[in-house]
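Working through the structure, step by step
This is what each chain is made of:
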Amino acid sequence: MKNFRFESISMLSRKDRRARTESFHPGKNLLIGRNHTGKSSLIKTLFLTLGARPSGKLAQWDEHTISLVRFTVDEKPYSALRQLGKRALFDGNNNLLLATGEHEVWSKAFAEITDFSLTLSNKNSETVSADPACFFVPFYINQDGSWQSSWNTFVGMQRFKAPYKSILEYFAGIKPPEYYKLLEDKIPLVAQIDELKSERRVLRKAKERLEKSLDRSGPKLSSDNFKEEIESLIEEVTVLNEKQEKMRDSNVRQNEMIESINQQILLANEALKVHELDFKYLQKEHSEIISCPTCGAEHAESFFDFLSYTEDARVLRELVIQLQKDKTKAVSQYENTRSQLNELSSNYRNISRILESRRGDLVFNDVIQSAGSEKAFEAISGEEKSLDEEIGVLQGKLDNVETQLDQLVSKKRSKEILGIFREAYSSARHKLNLLPVETKRLNLASRPDLSGSGGPRSVLAYYAALWQTCASQWGAVGMPIVIDSPNQQGQDDINMPKVLSFISRDLPEGMQILIGSEGDTEFAFDKKFHLDKQYELLKKEYYEEIDAEIEPLVEMMYQE
C-alpha cells in the first residue's frame with residue numbers, strides 16, 4: 001500500500017500582498033475558526049492545487065492566488081505549484097518535473113508519481129485515465145456537497161460514466177491497482193488482436209476471390225503447388241477408379257441376377273401351361289382310370305389327382321408373381337448402380353482431362369497469367385499464416401492476463417472486503433448515536449439518505465466505514481482524511497461531542513487527518529491551527545518571506 005501525505009501549503013496573493021504557510025502533522029490536525037476565517041479556503045486550495053476542483057465558491061478570495069502544496073508519496077517529496085490554470089510539479093529539491101496548463105497532462109503526471117492506475121469510461125464509453133479528483137474523492141468530506149446523499153465533492157466528475165463504484169472498489173481493494181495495471185496490458189492486446197483479425201479477414205476474402213478467378217486447368221508455375229496439385233488429383237482419380245471397378249462388378253452381378261430370374265419365370269410359365277392342359281383333360285374324363293394325355297401314364301383316384309393338379313397350378317402362379325417382383329427389384333438396383341457408375345465415370349474423365357492438360361504444352365499467355373496469380377496466391381497464403389502465428393502469440397498473452405485478472409477479483413476477496421465495510425458501518429453508526437440498520441446488502445457505493453441531524457452523522461459513518469476498509473490489508477493507498485466541517489445540520493450538545501470524539505478516537509490508525517471545525521475540542525489532536533479573523537486567512541507579515549520562496553518556482557513554471 002502506498003502512502004500519500006500532505007506536508008504543507010503556502011498561499012500568496014500579489015494583489016493583496018498577503019501570504020500564509022501552514023505545515024501539517026502526519027497525524028491528526030484540527031483547523032479551528034469561525035465562519036469566513038478561511039478553513040474551507042485553505043482546504044479547497046489544497047485540492048485545487050493538486051488538480052481537483054472542490055464544489056463551492058470562495059468568498060473574498062483572490063482567484064490569482066499562487067498556491068504551493070508540498071506532499072510525499074511513500075516518503076518521497078514533491079511540490080505542486082498553481083496559479084489560475086497553470087500547474088507545475090517539482091521534486092524534493094525543487095527541480096521542475098513538469099509545467100502545463102492542460103488538465104489531462106497534469107492528471108497523467110500526477111497518476112505516475114502516485115501510481116494511480118485507475119481507468120474509467122467517459123461519456124462516449126471510451127476508456128480514460130482517472131484524474132486527481134477521483135484520487136481524493138473517497139477521502140474528502142466537502143461541506144459544500146459531501147454531507148448529502150449524493151456525490152458532489154468535486155466538480156467535473158460528470159465527464160466520467162458512473163465513476164464512483166469503480167473508484168471505491170479501487171481503493172478498497174475489490175479491484176486493486178494491480179487489476180487496472182493488468183487491464184492496461186489487456187486493452188492494447190485486445191486492440192492488436194482485433195486489428196490483426198480484421199487484416200486477416202480482408203486477406204481471406206482476397207484469397208477466396210483470387211482462388212475463384214484462377215483457372216484450375218491452367219498451368220501452375222510453382223513447383224511445390226504443381227506437385228501438390230498433381231498428387232492430389234492422382235489420389236482422387238485413383239479412388240474414383242477403384243469405386244468404378246467395384247460398381248462394375250456389382251452391376252454385372254445384378255444383370256446376371258435379372259437374367260436368372262427371367263429364366264425362372266420362363267420355366268414356371270411353361271410348367272403352368274402343362275398343368276393347364278392336364279387340368280382341362282381331367283375335367284373332361286370321368287373314368288376311374290385316367291391316362292395322362294402327355295405321358296400316357298394311367299392314374300387311379302382321379303378326383304384326388306384333380307385336386308393335386310389344382311394345387312400345383314396355384315403354387316406355380318404364385319411363384320411367377322414372386323419372380324416378377326424379384327425381377328422388378330433387381331432391375332431397379334441395376335439401374336441405380338448404372339447411374340452411379342455413369343456419374344463416377346464422368347468425374348473420372350474430367351479429372352483425367354485436367355491431368356492431361358497439366359502435362360500438356362503450356363501457352364505463353366497462360367503461363368504469364370498463371371505466374372502472377374500463383375505469386376499473389378502464395379503471398380496471401382504466406383501473409384495469412386504469419387498473421388495466424390502473430391495472433392496466436394498475442395492470444396496466449398491475453399489469456400494469461402485474463403487469468404490473472406480473474407484471480408484478483410474473486411468472490412471470496414470481495415466478500416471479505418464487504419464484510420469489513422459493513423461491520424465498520426454498523427460500529428460507526430452505534431458510536432455516532434444512530435439507530436442500527438440492516439447491512440447485509442450494503443455495498444461500497446450505498447451512500448445513506450437520512451434527513452435531519454442524523455443525516456450528517458450517517459454520512460460520516462459511511463465515510464468512516466470506507467476509510468476503515470481502505471486501511472485494511474486489502475486497501476490500495478494510505479490517504480489523508482479531510483473533513484470540512486463536522487458540525488452540520490445543527491448537531492446538539494449530545495451528538496456534537498460524540499462526533500468529535502469519534503473523529504478523534506475511532507478513525508483508522510496511521511491515517512493523516514485534517515479537520516476544519518468552528519470550535520475547539522477537548523479531544524486529542526496532534527496539531528491545532530487557529531484562524532481568528534474573517535477574510536484574513538493570508539497575512540501581510542508573511543508576504544515577503546513566502547514570495548521569496550515561491551517566486552523562483554513561479555519563474556520556472558512560466559518559462560516551461
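Further up the page is the structure itself.
Residues numbered from 1 in each chain as written. Predicted model: local features only at pLDDT ≥ 70, side-chain atom pairs only at ≥ 80, totals over all residues. Heavy atoms only, no water.

**Things to note about the pairing of strand β5 (residues 76-83)**
Worth spelling out the cut-off: Note on exposure labels: buried denotes an accessible area under 20% of the residue type's maximum, exposed denotes more than 50%, and partly exposed covers the range between, all computed with a 1.4 Å probe on protein chains only. In this text, helices come from DSSP runs of H or I with a minimum length of four residues, and strands from runs of E with a minimum of two, each type numbered from the N-terminal end. We treat two strands as partners when DSSP finds at least two bridges between them.
Along β5, six of the eight residues are buried, which leaves the element largely enclosed by surrounding structure. Two successive antiparallel strands, strand β4 (residues 66-73) and β5, enclose a turn made up of two residues, where Asp 74 displays a positive phi of approximately 55 degrees. Here six bridges tie β5 to strand β6 (residues 86-91), and the two strands are oriented antiparallel to one another. Paired with Arg 82 across the strands is Arg 87, a residue of β6.

**Details of the packing of helix α10 (residues 454-470) against helix α11 (residues 495-505)**
Spelled out, the test is: Helix axes are fitted only over the stretch in contact, all axes being lines through C-alpha atoms; the angle between N-to-C directions runs from 0 to 180 degrees. What sets the label is the angle itself: under 35 degrees gives roughly parallel, over 145 gives roughly antiparallel, 65 to 115 gives roughly perpendicular, and the rest give oblique. Note on contacts: a residue pair qualifies if any of its non-hydrogen atoms lie within 4.5 Å across the two residues. Three classes are used: nonpolar for Ala, Val, Leu, Ile, Met, Phe, Trp, Tyr, Cys and Pro, charged for Asp, Glu, Lys and Arg, and polar for all others, with Gly counted as polar.
Closest axis-to-axis distance for the α10/α11 pair is 12 Å, and the angle between their directions is 10 degrees. When the axis of α10 is compared with that of α11, the two are roughly parallel. Taken together, the residues of α11 that come into contact with α10 (itself represented by Arg 457, Leu 460 and Ala 464) are Asn 495, Val 499, Phe 502 and Ile 503. Of the residues in the contact of α10 with α11, the class split is five nonpolar, one polar and one charged.

**Observations regarding unusual backbone geometry**
For the bond running from Asp 484 to Ser 485, omega is -25 degrees, close enough to zero to count as cis. Here Ser 485 is to be found in the loop between β14 (481-484) and α11. If you check the backbone angles, Asn 94 has positive phi at about 60 degrees while not being a glycine. Summarising the element assignment, Asn 94 is placed in the loop between β6 and β7 (96-100). Within the chain, Asp 115 stands out as a residue other than glycine whose phi angle is a positive 60 degrees. Assignment of secondary structure puts Asp 115 in the loop between α2 (103-114) and β8 (119-121). For Asp 115, a relative accessible area of 30% gives the class partly exposed.

**Observations concerning the pairing of β7**
Summarising the sheet, β6 and β7 pair through four bridges and their orientation is antiparallel. Note that in β7 the partner of Ala 88 across the bridge is Ala 99. What sits between β6 and β7 in their antiparallel hairpin is a turn of four residues, with Asn 94 showing a positive phi close to 60 degrees.

**Brief notes about the nonpolar core**
In a soluble, globular protein the nonpolar side chains are often hidden away together inside. Our working rule: Definition of nonpolar core: a set of buried residues of the types Ala, Val, Leu, Ile, Met, Phe, Trp, Tyr and Cys, connected through side-chain atoms within 4.5 Å.
In this structure, Phe 4, Phe 6, Phe 71, Phe 136, Phe 171, Trp 467 and Ile 483 are the most contacted members of the largest nonpolar core, which totals 111 residues. If near-sequence neighbours (up to four positions away) are discounted, Trp 467 is found in contact with Pro 138, Phe 139, Ile 141, Ile 481, Ile 483, Leu 507, Pro 508 and Met 511. Formed by 14 residues, the second largest nonpolar core is a distinct cluster that contains Ala 19, Leu 81, Ala 99 and Tyr 543.

**Remarks on the packing of aromatic side chains**
Quick note on the threshold: The aromatic pairing rule takes the rings of Phe, Tyr and Trp, using the six-membered ring of Trp, and pairs them if the centres are within 6.5 Å, calling planes under 30 degrees apart stacked, those over 60 edge-to-face and the rest tilted. The criterion for a charge sitting over a ring is simple: Lys NZ or Arg CZ within 6 Å of the ring centre, and within 35 degrees of the ring normal.
Under the criterion given, the structure shown has 32 aromatic pairs. The interplanar angle of 20 degrees and the centroid separation of 5.2 Å between the aromatic rings of Phe 4 and Phe 71 together place this pair among those described as stacked. Here Phe 4, found in strand β1 (residues 2-13), pairs with Phe 71, found in strand β4; they are 67 residues apart in sequence, far enough to count as distant. Residue Phe 4 is classed as buried on the basis of its relative accessible area, which comes to 1%. Judged by relative accessible area, Phe 71 falls into the buried class, the value being 1%. The ring of Trp 151 has Arg 447 lying over it, and the distance from NZ or CZ to the ring centre is 4.4 Å.

**What to know about the sheet that holds strand β10 (residues 140-141)**
An order of β10-β14-β15-β3-β16 is seen for the five strands of this open sheet, with the pairing classed as parallel. The sheet is open, and its two borders are formed by β10 and β16 (527-531), each paired with just one other strand. Pairing of β14 with strand β15 (residues 513-517), which is carried by four bridges, proceeds in the parallel orientation. Among the inter-strand pairings, Val 482 is bridged to a residue of β15, identified as Leu 514.

**Let's talk about α10**
What counts, and what does not: One less than the residue count of a helix, multiplied by 1.5 Å, gives the span that helix is expected to have.
Relative to the 24 Å expected for 17 residues at 1.5 Å per residue, α10 spans 24 Å between its end C-alpha atoms, a close match to the ideal helical length. Burial within α10 is extensive, with 16 of its 17 residues counted as buried.

**Points about the side chain of Gln 488**
Turning to its location among the elements, Gln 488 is positioned in the loop between β14 and α11. For Gln 488, a relative accessible area of 15% puts it in the buried group. Non-local contacts of Gln 488, meaning those with residues more than four positions away in its chain, are made with Gln 143, Trp 147 and Pro 456.

**So, the environment of Ser 10**
Formally: For the purposes of these results, a polar contact is taken to be a pair of N or O atoms within 3.5 Å, where, inside protein, one atom must be able to donate a hydrogen and its partner to accept one; residues adjacent in sequence count only when each atom of the pair is a side-chain atom.
Mapped onto the fold, Ser 10 is located in strand β1. Assessed through its relative accessible area of 2%, Ser 10 is described here as buried. Taking C-alpha positions, Ser 10 is 5.6 Å from Arg 20, a pair spaced 10 residues apart along the chain. Excluding its chain neighbours within four sequence positions, the residues that come into contact with Ser 10 are Arg 20, Thr 21, Ile 66, Ser 67, Leu 68, Ile 546, Glu 549 and Ile 550. Here the side chain of Ser 10 touches Thr 21 through a polar contact of 2.7 Å, side chain to side chain.

**Comments concerning the pattern of salt bridges**
Applied cut-off: The rule for a salt bridge is simple: a side-chain nitrogen of Lys or Arg has to be within 4 Å of a carboxyl oxygen of Asp or Glu.
Taken as a whole and assessed by the stated rule, the structure comprises 20 salt bridges. Between Lys 186 and Glu 402 there is a salt bridge, and its shortest N-O distance comes to 3.5 Å. Of this pair, Lys 186 sits in helix α5 (residues 177-213) while Glu 402 sits in helix α8 (residues 364-408), and the two are 216 residues apart along the sequence. Linking Asp 520 and Lys 528 is a salt bridge whose minimum nitrogen-to-oxygen distance equals 2.8 Å. Taken together, the salt bridges that share partners define one network made up of Arg 14, Asp 547 and Glu 551.

**A short note on helix α1 (residues 39-49)**
In terms of residue burial, α1 counts as a mostly covered element, since 11 of its 11 residues are buried. Of all the positions in α1, only Lys 39, Ser 40, Ser 41, Leu 42, Ile 43, Lys 44, Thr 45, Leu 46, Phe 47, Leu 48 and Thr 49 are classed as buried. Phi for Gly 51, located one or two positions after α1, is positive at around 105 degrees.

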